[in-house]
Amino acid sequence: MTLIAADEVAEQKGGGSGPDISAPAAIQGRTPLQLAWARLRKDKVSMACLVVIVLLILVAIFATQLTDLIGHGPNEQYRDKGLAPNGLPVSPSGFFWLGGDDVGRDVLSRIIHGTRISLLVGVVATAMAVIIGVVVGTTAGYFGGRVDTLLSRTMDVFLSFPFLLFAISLVSVFSPSVKISIFVIAFFTWANVGRIVRGQVLSIREKEYVEAARSLGAGDFRIMAVDVLPNLVAPIIVYSTLLIPTAIVFEATLSFLGLGVPIPTPTWGNMIAESQGTYQQAWWFLVFPSLALFITTLAFNLLGDGLRDALDPRAARVLARK
Amino acid sequence: MGRFILRRALFGILVLFVISFAVFLLFFVVAPGDKAGNFCGKGCTPERLAQIRALYHLDQPWPSQYLLYVKRLVLHGDLGYSFTNQQPVRAIIFDRAPATASLALGAAIVWLSIGIPIGILAATKPRSLRDRAATSFALAGLSIPTFVLGLLLIYLLFYQLTVHGAAFFPAGQYVPLTQNPWEWAKHLFLPWLTLAVVSAASYSRITRGSLLEVLGEDYIRTARAKGLSERRVIYRHGLRSALTPVVTLLGIDVGTLLGGAIVTEAVFGLGGIGQTAVQAVINGDLPIIFGTVLFAAFFIVVANIFVDIAYAMLDARVRLA
C-alpha cells in the first residue's frame, strides 16, 4: 500500500519526467491488485464462487434466450398441463423441470428471470450506496472538525432509522417498482459505508505521504483523489462484495412483504411469498426460489471473505467492528 | 460519565425529532392524496368528511399538525388515534409489545447460547476442522434470509411433523405468557429458532474473531506463564474482553428487534409491533405508522446509548468523553 504512495511522491518530485534512476529495473513491479489476484486464484472456494457469480450474471443477461430454449415464458400460464386436476401446482417433470407454481407457470423460467431483478437491484443499489458513502466518508474523515461532526451525526441519524419499517413506508408512498427498491436500499445502506470509509480516511490523512503531497502544494481535492482514495480500494471492494448479498436479501424481503417489485414480474422474493399458500403440498415452489436466493447470497459472502483475505488482512478487523 | 450520558440522551432526543419529522414530511408533503377521504368510506357525506378532518386535525396545514403531534406526545405521552379503529395508538402499541418483546428476548437467549460457544470452540482451535465447520455455519446463517428459514422450519417442523402424527410445534400465533406459559413457549419455539439461527451466525463469527485477537495479547501470555489452567485463561481472562463487540452487537440487535421483528412476525403471524406497522403501512393508517416508527426508533436510540456505556464498563481501555 505504501508502495503506491512512494511512487506517487517520486513521480511528483521528478515532475513526471520519467522513471526514477535508482529503481531496480530487473524486478518486475506488481501492483497490490495483481498480488491480491494471485492470492485469490489460489483460493479454491473463492474461485468457485466467482464462477457461480459469472454464471448468474450470464443467466441474468440471457434470461430471455434461456427461457426461449426451455419454451415457457416466465408469465405464460399452462392451465391444462401446468396445474394438477385438483388445482394444485404440478411437481417437477419433463414438462416443468422445477415444477409449476400456483397458477400454472414454470418455476424454472420464473427463477431465471428473477435472477435479473435480484442482481440488478443488488449491484446498482450497492454501487449507489458505495459512491455516496465514499464521498461523504472521505469528506468527513479528510476535513475533520465541524464538517466531520455534521456528516458523522447525519450518518448516525441514518443508522438510527428503523430502516425496514421506514423503507416499506417509502415504498408504499411512491408505489412499488424496481427503481424505488434500488433507491430505498441505497438510502439505508450508504451510511454504513460512509462510517467505515471515514474511519479509514482518519488514519490515512495522518500518513507522511499525505503530508508530503501537501507540502508539494497539492490541493485537497487532488490529495483525496490521488493519495487517499487508492488506499481505500481494498476495503471498498471487500465491503461492496459483502453489501451485494445484503441488498439482494433486502429486495427479496420487500418483495416478500408485497412491497417490492410489483407482480407479475417474477422475483425470488415474490415467488416465495406466492408459494406460501400451497408450499405444504408443493415444496418445489418454495424450495427452488429459496435455493436460488441462498446460493447467490452465499456465493457473494464467500467471495467477499476470500477477497478480504487476499486484498488486505487488516480489512478484516475494520469489518468486524461495523 | 454523567455528562456523557446526558449528551447522548440529548442527541437521542434530537434523532427522534428528526425521524418523526422525516416521517411527517414523507406522508404529508411527499405523499399525495386526501388522508381523510380514505377513511370516510362509502356513503361519505361532506359533513362526515369535515368531522373526520376536524377530529384528526387534518384540516390544518401540516407544520401545525406536526407541532400539535409533538406537543401531545411530550406533554401527555399521547400518540393519537388510529384511523381504522379509532383506538388510541399508545394502547395498541402496549397491547402488541409483549409479543414482540417475548420474541426478541427469547431469541436473543437462544442465539447467544448457540453463537458464543461455537465461536469459542472455533477460536480455541483455529484452522482445525471444527473451526472450518463453525465458519461454514456462520456463512450459511448469514446467507439465509429470515423469511426463507422461517418458511422452511414451518414446512419441516410443523407441517411434516404434523403429517407424520407428531404435532408438537405450532406454526405461529401468540399466546400471552400470563395466560399459559407452556403454550407461550411452544408457540414461540419456531420463531425463536428462526431468528436465533439467522443471528447466531454473526455472533459466532464475532466471538471467534475477537477471542482470537485477545488470545494473542500480552496479558494472556502472562496469565499462561503464571501457570493458570487453559480453561481459566480462556474463560476468565480472554472471554471477558473478547465479549465487548458481542455486547455491542447484542444491544443493537435487541434494540432493533424490540421495535418490531417485521419479517419473523409476518411469517409466523405473531401480531406484534412489526406486523401492526406493516398492516398500518398497507392501510395508510398514519397515526399507527408514526407511533410505531417512533417506538422503534426509541429502542434503537436507547440501545445505542446502552451499548456505549456497556462498552466503557467492560473494556477498561475505553474512556467516555
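The rules behind these values
- For every chain, the first residue of its written sequence is number 1, and the numbers climb from 1 along that sequence.
- Whichever chain is written first becomes A and whichever ligand is written first becomes 1, with later ones labelled in order.
- Per-residue local features of the predicted model are confined to residues with pLDDT of at least 70, and side-chain atom pairs are confined, for both listing and counting, to 80 or more; whole-chain, interface and lining totals are unaffected and use all residues.
- Here a helix means four or more residues in a row that DSSP labels H or I, a strand means two or more in a row labelled E, and each is numbered from the N terminus.
- As a rule, residues whose C-beta atom has 12 or fewer other C-beta atoms within 10 Å are exposed, those with 20 or more are buried, and those in between are partly exposed; C-beta atoms are placed from the backbone.
- Residues are treated as contacting if the C-beta atoms built from their backbones sit within 7 Å of each other.
- Every axis corresponds to a line fitted to the C-alpha atoms, with the helix fit spanning only the stretch in contact, and the corresponding angles, defined between N-to-C directions, vary from 0 to 180 degrees.
- Whether a crossing is left-handed or right-handed is set by the direction in which the near helix is turned from the far one by less than a right angle, anticlockwise for left-handed and clockwise for right-handed.
- Polar here means any residue other than Ala, Val, Leu, Ile, Met, Phe, Trp, Tyr, Cys and Pro, which are nonpolar, and Asp, Glu, Lys and Arg, which are charged; Gly is therefore polar.
- Throughout the structure description, domain borders are defined by an automatic or database domain assignment.
- Every residue carries a pLDDT, the predictor's confidence in it, which falls somewhere between 0 and 100.
- Note on definitions: a nonpolar core is a set of buried residues drawn from Ala, Val, Leu, Ile, Met, Phe, Trp, Tyr and Cys, linked by C-beta atoms within 7 Å.

1. Let's talk about the overall build of chain B
Along chain B, the regular secondary structure elements total 14 helices and zero strands. By its C-alpha atoms, chain B is 85 × 60 × 35 Å across when sized along the principal axes. Buried positions account for 39% of the 321 residues belonging to chain B.

2. Concerning the overall build of chain A
What chain A contains, in helices and strands, is 15 helices and zero strands. For chain A, the residues scored as buried account for 47% of the 322 residues in total. Restricting the contact set of chain A to residue pairs at least 6 apart, pairs at least 24 apart contribute 72%.

3. Some words on the packing of helix α5 (residues 107-143) of chain A against helix α9 (residues 190-204) of chain A
Residues and elements named next belong to chain A. Closest axis-to-axis distance for the α5/α9 pair is 7 Å, and the angle between their directions is 35°. Remark: the crossing between α5 and α9 carries right-handed chirality. Residues A129, V130, I132, G133, V134, V136, G137, T138, A140, G141 and Y142 of α5 pack against W190, V193, G194, R195, I196, V197, R198, V201 and L202 of α9. Of the residues contributing to the contact of α5 with α9, the split by class is 13 nonpolar, five polar and two charged.

4. Concerning the environment of R198 of chain A
Residue and element names in this part refer to chain A. Checked against the element boundaries, R198 lands in helix α9. Exposure remark for R198: the 23 C-beta atoms within 10 Å place this residue in the buried category. C-alpha of R198 to C-alpha of L151: the two residues are 47 residues apart in sequence and 9.8 Å apart in space. Ignoring anything within four residues of it in the chain, the contact list for R198 reads G137, A140, G141 and S152.

5. A look at the domain arrangement of chain B
Residue and element names in this part refer to chain B. Domain boundaries in chain B define domain 1 (2-78) and domain 2 (96-314). If you average the C-alpha positions of domain 1 and of domain 2, the two centres end up 34 Å apart. Tallying the contact residues gives 12 residues for domain 1 and 12 residues for domain 2. Of all the secondary-structure elements, those providing two or more residues to the side of domain 1 that touches domain 2 are α1 (2-30) and α2 (35-40). Considering each element in turn, the side of domain 1 that touches domain 2 owes the most residues, 10 residues, to α1. Split by residue class, the side of domain 1 that touches domain 2 holds seven nonpolar, three polar and two charged.

6. As for the confidence of the model for chain A
All names here are of chain A. Chain-level pLDDT for chain A is 78 on average; 83% of the residues reach the 70-or-more range. When mean pLDDT is taken per element in chain A, α5 scores highest with 89 and helix α15 (residues 315-320) scores lowest with 40. The low-confidence segment residues 1-19 (pLDDT under 50) makes 14 contacts with residues lying over four places distant or belonging to another chain. For the stretch residues 315-322, pLDDT sits under 50, and the model shows 18 contacts to residues farther than four places along the chain or on other chains.

7. Things to note about the interface of chain A and chain B
Residue-level contacts link 32 residues of chain A with 39 residues of chain B. Tallying contributions element by element places helix α14 (residues 283-311) of chain A first for the side of chain A that touches chain B, with nine residues.

8. Topic: the nonpolar core
Of all hydrophobic cores here, the largest spans 170 residues; its most connected members are A167, I168, I185 and I272 of chain A together with I289, V293 and A297 of chain B. Top element by residues in this core is α14 of chain A. It accounts for 16 residues. A domain-level breakdown of this core finds at least three residues from each of domain 1 (2-78) and domain 2 (96-314) of chain B.

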